[in-house]
Amino acid sequence: MAKPYYDILGVPETATEAEIRSAYRAKAKKYHPDLNQGDEQAADMFKKVNEAYETLSDPQKKAAYDKPAGQGFGGARAGGAGGAGRGSFFDDFVNMFDTDARESGGGGDISLNVTLTFEEAAYGVQKDVSVTRNEPCAACRGTGAKSGTQYAKCNACGGTGKVRFAQETPFGRVVSMKACSACGGSGKIIKEACPACNGRGHVRKNVNLRITFPAGIEHGQIMTVPGEGEKGKHGTKPGNLVLMINVMPHKIFRRKGLDLSVDVPISFTQAILGDKILIPMLKGTKVAFPLPEGTQNGTVFKLKGQGIENVKKGVTGDLLVTVDVEMPKNLTKEQKAKIKELSELIKPDQYDKIKEFNRR
Ligand SMILES: [Zn+2]
Ligand SMILES: [Zn+2]
């Protein structure tokens, strides 16, 4: 049985990096919040897909995830039909505790769409992102208590902040501790609430965060900024800021991974005779390129290393130039006569494709 992350992306555990990446892209697109507005199930799936990809796209995290579970609950991941069912139960079990931990006051994740220009994504950029989130209240320093007022010990948990709770499981009754809901895990009850935040300990605030988007970031990619989501109460763990990257299309360049492509129109005479043509670069410069004589329409020339550079990985893509041969229009009588004269001079066997086609 596949591990959940593989199931979520719909790939086998033997999937290659490229297969995982392509499955992720398809799923992220399918469940993207922009395309499923107000659909909570899709939003949930979108989150799961990103979570799965974050682990499976990182060789170290993936290796840790792929390891058998080892000791706990008798190594349920060891494989075999018997262990499989227990494996998935074990996961649910773990998730249940994760949820409890989160509900006890940790901050939630914030998802935002960020739009970058084609060039910003290609070269990387530092940008301010505006986030509205819970921030600790300054008036009460996040405690929720009116300044100077006292706390009382929470009766529900006796001031420990934790309560015992029992859970029936196939392994029997499991008793564990969870955060006290009466005091939110602080063990203290506020006597008088802070007027600035109504005792919540946090206020909604708009903050500008300077985010560095790395060169080579792609459309549809998810970028997680740890700890920049909702700030939790009483110094608990803050959530993450999850950025969904939109990259605007370019007027003439297209992009696939680190490779750029561009269509360059040339005249039919340049195609026939060859010429030195100027190829535009994304940076705005132009590079001279010796177009060989007899270039056919649709020919693709690869300019090595002229694509996008991924500084982190130390690799650079190529620029793929597709030649688009253009025929002149509105020819004068004289021009037509000259071309006709020329066409009679060219022998039929100088046309490879026509010759081949007529032979069949
Ligand atoms: Zn306050
Ligand atoms: Zn309590």
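The structure contained in this document is the topic of the report that follows. Because the structure is predicted, anything quoted here is derived from the model rather than measured.

Let us now look at the overall build of the protein. Within the protein one finds ten helices and 17 strands. Sorting the 360 residues of the protein into buried and exposed places 20% on the buried side.

Let us look at the environment of Ile266. Along the chain, the position of Ile266 falls in strand E11 (residues 259-267). Placed 29 residues apart in sequence, Ile266 and Thr295 show a C-alpha to C-alpha distance of 10.0 Å. If near-sequence neighbours (up to four positions away) are discounted, Ile266 is found in contact with Ala271, Ile277, Leu291, Val323, Val325 and Glu326.

The residue Lys153 is located in strand E3 (residues 151-153) in this model. Overall, the presence of 12 C-beta atoms within 10 Å leaves Lys153 in the exposed class. Once the C-alpha coordinates of Lys153 and Cys183 are considered, the two residues, 30 residues apart in sequence, prove to be 9.2 Å apart. Among residues more than four places away in sequence, those in contact with Lys153 are Gly159, Gly187 and Lys188.

As summarised here, the arrangement of the three strands in space is E1-E9-E8, forming an open sheet in which the pairing is mixed. Edge positions in the sheet fall to strand E1 (110-116) and strand E8 (222-225), since each of these pairs with one other strand and no more. Sheet twist, expressed as the mean angle between neighbouring strand axes with direction ignored, is 30 degrees. Sheet topology places E1 next to strand E9 (residues 241-247); seven bridges connect them, and they run parallel.

Another aspect to go through is the nonpolar core. Ranked by internal contacts, the top residues of the largest apolar core, which has 13 residues, are Tyr5, Leu9, Val49, Ala52 and Tyr53. Among the elements of the structure, helix H1 (4-9), helix H2 (17-30) and helix H3 (40-56) are those that each provide at least two residues to this core. It is H3 that contributes the most residues to this core, five residues altogether. Excluding residues within four positions of it along the chain, Tyr53 makes contact with Leu9 and Tyr24.

Our focus in this paragraph is unusual backbone geometry. For Asn198, which is not a glycine, the phi torsion comes out positive at approximately 55 degrees. The residue Asn198 is located in the loop between strand E6 (188-190) and strand E7 (202-213) in this model. In this structure, Asn330 takes a positive phi of about 50 degrees despite not being glycine. Considering the arrangement of structural elements, one finds Asn330 in the loop between strand E17 (319-326) and helix H9 (333-345).

Here we come to the sheet that holds E17. Across the sheet, which stays open at both edges, the four strands sit in the order E10-E11-E17-E14 with mixed pairing between neighbours. Pairing within the sheet leaves two strands with one partner each, and these edge strands are strand E10 (253-256) and strand E14 (300-303). Each adjacent strand pair in this sheet contributes to an overall mean axis angle of 30 degrees, direction not counted.

A few words on the pairing of strand E13 (residues 286-291). Bridging between strand E12 (residues 275-280) and E13 involves six bridges; their strand directions are antiparallel. Each residue of the ladder has a partner; that of Asp275, found in E13, is Leu291. Between E12 and E13, which follow one another and run antiparallel, lie five residues, and Gly284 among them has a positive phi close to 105 degrees.

One can describe the packing of H2 onto H3 by two numbers: an axis separation of 10 Å at closest approach and a directional angle of 165 degrees. With respect to H3, the element H2 is oriented roughly antiparallel. Crossing hand, H2 versus H3: left-handed. From H2, Ile20, Tyr24, Lys27 and Ala28 reach across to H3, where they touch Phe46, Val49, Asn50, Tyr53 and Leu56. Residue classes in the contact of H2 with H3 are distributed as seven nonpolar, one polar and one charged.

Before going further, it helps to examine the pairing of E17. The pairing of E11 with E17 spans eight bridges and is parallel. Residue pairing for E17: Ser267 is matched across the bridge by Glu326. Here E14 pairs with E17 via four bridges, running antiparallel. Bridge pairing in E17 links Lys302 to Leu320.

Time to look at the environment of Met45. Inspection of the secondary structure puts Met45 in helix H3. For the pair Met45 and Lys30, spaced 15 residues apart in the sequence, the C-alpha separation amounts to 9.5 Å.

About the thresholds
Residues numbered from 1 in each chain as written. Chains lettered and ligands numbered in written order. Predicted model: local features only at pLDDT ≥ 70, side-chain atom pairs only at ≥ 80, totals over all residues. Helix = DSSP H or I, 4+ residues; strand = E, 2+ residues; numbered from the N terminus. Buried ≥ 20, exposed ≤ 12 C-beta atoms within 10 Å, placed from the backbone. Contact = placed C-beta atoms within 7 Å. Pairing = 2+ DSSP bridges. Axes fitted to C-alpha atoms, helices over the stretch in contact; angles between N-to-C directions. Core = buried A, V, L, I, M, F, W, Y, C linked by C-beta atoms within 7 Å. Parallel < 35°, antiparallel > 145°, perpendicular 65-115°, else oblique. Left-handed = near helix turned anticlockwise from the far one by under 90°. Nonpolar A, V, L, I, M, F, W, Y, C, P; charged D, E, K, R; others polar.

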